[in-house]
Amino acid sequence: MSAPMEVVVCTDSASQQLNCAVYDLHSGNNLLSYRGGSTSAHCLAILNGEYLLGAQLGKNFINVWEIQRKDQLQQKIICPGVVTCLTASPNGLYLLAGIVESIYVWEVSSGNLLALLSRHYQDVTCIRFTDDSSHFISGGKDNLALVWSLNSVLQTEPTRSSEPRHVWTRHSLPVTDIHCGLMGPQARVATASLDQTVKLWEISSGELLLSVLFDVGIMSVTSDPCEHYLFCGGSDGNIFQVTLCSQGIQRDETFQADREGNQVFKGHRNLVTCLSVSMDGTLLLSGSHDETVNLWDIQSKQCLQTMNHKGPVTNAFIMPAPANMFYPDSRPSISLPVFSRHLNPSDPGEGGLAEGVNLRLGLNTQGVEDSYLDKAEELLTLMSAATDKNVFGAGEHTRVRVAELEDEVRTLKKVNKELYEFAAQILTKPN
């Protein structure tokens, strides 16, 4: 079996006719061009290998193309405000957008807005998922990087605010980029900041593993698949290669290019805003405000080719080409619904489904009848009052009544647990 074809996907902030371009990784040939509008930085996402999504620069909507239909916008997702960052879960089930200081979580299949997270104090700048879709990490202008458990976010009651699993507060200036490695909840996360540092964290423990100080602010960060190196894009146009395998490495390091494995890629003349590494770890892609996208050979540090743009590059990454990208007659497996702008929409035309059954973990207010948990709480209240003779009387009758209530509480808890497990299986079952 041949290796999957890798392509370069990139956008810039100037082109009004050409929004997104797709190039062959090795030849540099232009393969596809998606037309209409301009996409903001950190706002380009691939949804389930079937849709290309790009939040319009300075506007409150997201452009949607079917991945194989490049010449025509298929849909516009209207948002409550200007989108500052955008990502889709690798399993294709959820879409996340940063809008001002809040994170909106949509379910792709229904378009329902499942959660609204407002833990950041200033604009959210970037969001990244783990490779297994179990967690996502958000960074903001408030200098914070937050780790969220998707399962916990979806189970939280609408009336309560979700809390992140970890709050990383070691940066002193806005977080500019986030890179998440492999291994799901065991992954390591790199965060870049204008405070001239890149920090490496562990999701499982929340501990800081490494902090590297540079002479300039860092605008972007990534690593090779084996995590031997970190690549950090500077505000001066340089790309710094930091080795993670040195014997004498300390938790707090100052970057020195003469150290073994620490090198500098020189070629850009302005901010390096995007970095990505090929699947085999041999090629590095970089996008810059100098209106170029460069492809580098990592071992030799030589620039192999340059793709010129008409404006500052806002997004650039390498990915395996989706199976139907080059088949114009193919169609997505599911159609995108209308995305809601409000939690629990009552209007079927705004993300609500006209038919079928919607299940939501932790949502106990769907009907007019009390839920099992409500009934259990009511029974517990009656049990607490069982000693009041005016209610139940005294003696043997009281003890019998208390025993009956205890049995009913246990039954209700068992039924509630079974209903919860059934709902969890339905929600987590792949389409």
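Residues numbered from 1 in each chain as written. Predicted model: local features only at pLDDT ≥ 70, side-chain atom pairs only at ≥ 80, totals over all residues. Heavy atoms only, no water.

Colleague: Even after reading the chapter, I still don't get the overall build of the protein, so can you show me in this structure?
Modeller: Within the protein one finds four helices and 29 strands. Across the 431 residues in the protein, those meeting the buried criterion constitute 51%. The long-range fraction of contacts in the protein, counting pairs at least 24 apart against all pairs at least 6 apart in sequence, stands at 47%. Taken as a whole, the protein presents about 20,600 Å² of accessible surface, with 49% of it coming from carbon and sulfur. (Helix = DSSP H or I, 4+ residues; strand = E, 2+ residues; numbered from the N terminus. Buried < 20%, exposed > 50% of the residue type's maximum accessible area, 1.4 Å probe, protein only. Contact = heavy atoms within 4.5 Å. Areas by Shrake-Rupley, 256 points an atom, 1.4 Å probe, with all protein chains shown as cover.)

Colleague: Looking at this structure, I do not really get the UniProt feature "repeat: WD" (unreviewed entry) in the protein. What am I missing?
Modeller: UniProt feature "repeat: WD" (unreviewed entry): in the numbering of this structure it lies at residues 117-152, 189-211 and 265-306. Helix makes up 8% of residues 117-152 and strand 50%, with an end-to-end C-alpha separation of 12 Å. Overall, residues 189-211 shows 0% helix and 65% strand. The separation of its end C-alpha atoms is 12 Å. (UniProt positions renumbered as here; feature names shortened; annotations may be inferred.)

Colleague: Help me understand the pattern of salt bridges in this model?
Modeller: Once their charged atoms are close, side chains differing in charge can pair, the charge on each being opposite to the other. Scanning all chains against the criterion turns up four salt bridges. In this structure, Arg188 engages Glu227 in a salt bridge whose closest nitrogen and oxygen atoms are separated by 3.0 Å. Taken together, the positions of Arg188 in strand S17 (residues 188-193) and Glu227 in the loop between strand S20 (218-223) and strand S21 (229-234) put the pair 39 residues apart, joining distant regions of the chain. Owing to a relative accessible area of 29%, Arg188 belongs among the partly exposed residues under this scheme. (Salt bridge = Lys/Arg side-chain N within 4 Å of Asp/Glu carboxyl O.)

Colleague: When you look at the environment of Ile249 in this model, what are you seeing that I'm missing?
Modeller: Relative to the helices and strands, Ile249 resides in the loop between strand S22 (239-243) and strand S23 (252-254). Using a relative accessible area of 27% as the deciding quantity, one classes Ile249 as partly exposed. Between the C-alpha atom of Ile249 and that of Leu210, which follows or precedes it by 39 residues, the distance is 8.8 Å.

Colleague: Looking at this structure, I do not really get the nonpolar core. What am I missing?
Modeller: Among the nonpolar cores identified, the biggest contains 22 residues, and Leu53, Ile62, Ile77, Val83, Leu86, Leu95 and Trp106 are the most heavily contacted of them. Elements represented by at least two residues in this core include exactly strand S4 (39-47), strand S5 (51-56), strand S6 (61-66), strand S8 (83-88), strand S9 (94-99) and strand S10 (102-107). Among all residues touching Val83, those that are not within four sequence positions of it are Ser40, Cys43, Ala55, Lys59, Ile62, Ala97, Gly98 and Ile99. Judged by nonpolar contacts, the second largest core, of 19 residues, contains Leu93, Ile103, Leu150 and Val153. (Core = buried A, V, L, I, M, F, W, Y, C linked by side-chain atoms within 4.5 Å.)

Colleague: Would you mind showing me how to read the sheet that holds S5 here?
Modeller: If you walk across this open sheet you meet the four strands as S4-S5-S6-S7, and the pairing is antiparallel. In this open sheet, the two edge strands, each paired with only one partner strand, are S4 and strand S7 (75-78). Each strand of the sheet is rotated relative to its neighbour by a mean of 25 degrees, with strand direction disregarded. Bridge analysis of S5 against S6 gives five bridges, and the strand direction is antiparallel. In the strand pairing of S6, Leu53 is matched with Val64. (Pairing = 2+ DSSP bridges. Axes fitted to C-alpha atoms, helices over the stretch in contact; angles between N-to-C directions.)

Colleague: Sorry, what's going on with the packing of aromatic side chains here?
Modeller: Given two aromatic rings, one states the distance between the centres and the angle between the planes to describe the pair. According to the stated counting rule, one finds 12 aromatic pairs in the structure shown. Between Phe129 and Phe136, the ring centres sit 5.6 Å apart and the planes meet at 55 degrees, which makes this aromatic pair tilted. With respect to class, Phe129 is no different from Phe136; both count as buried. A connected cluster of aromatic rings, assembled from ring pairs, spans Tyr229, Phe231, Phe265 and Trp296. (Phe/Tyr/Trp six-rings, centres within 6.5 Å; stacked < 30°, edge-to-face > 60°.)

Colleague: Any chance you could explain the sheet that holds strand S2 (residues 18-24) here in plain terms?
Modeller: Two pairing modes exist for strands in a sheet, parallel and antiparallel, and in both the strands are linked by backbone hydrogen bonds. With antiparallel pairing, the four strands of this open sheet are ordered in space as S3-S2-S1-S29. Bordering the open sheet on either side are strand S3 (30-35) and strand S29 (313-320), each of which pairs with just one other strand. Averaged over all adjacent pairs, the angle separating strand axes in this sheet is 20 degrees, with direction ignored. Bridge count for strand S1 (residues 6-12) against S29 is seven bridges, and the pairing is antiparallel. Across the sheet, Glu6 pairs through a bridge with Pro320, a residue of S29.

Colleague: Just to check I follow, could you spell out a nonpolar patch on the surface for this structure?
Modeller: A cluster of nonpolar side chains, namely Met5, Phe326 and Tyr327, defines an oily patch on the protein surface of about 310 Å² accessible area. Secondary-structure assignment places Phe326 in the loop between S29 and helix H2 (372-384). A relative accessible area of 34% means that Phe326 is categorised as partly exposed. (Patch = residues over 30% accessible without salt bridge, like charges linked within 9 Å, V, L, I, M, F, W, Y side chains within 5 Å.)

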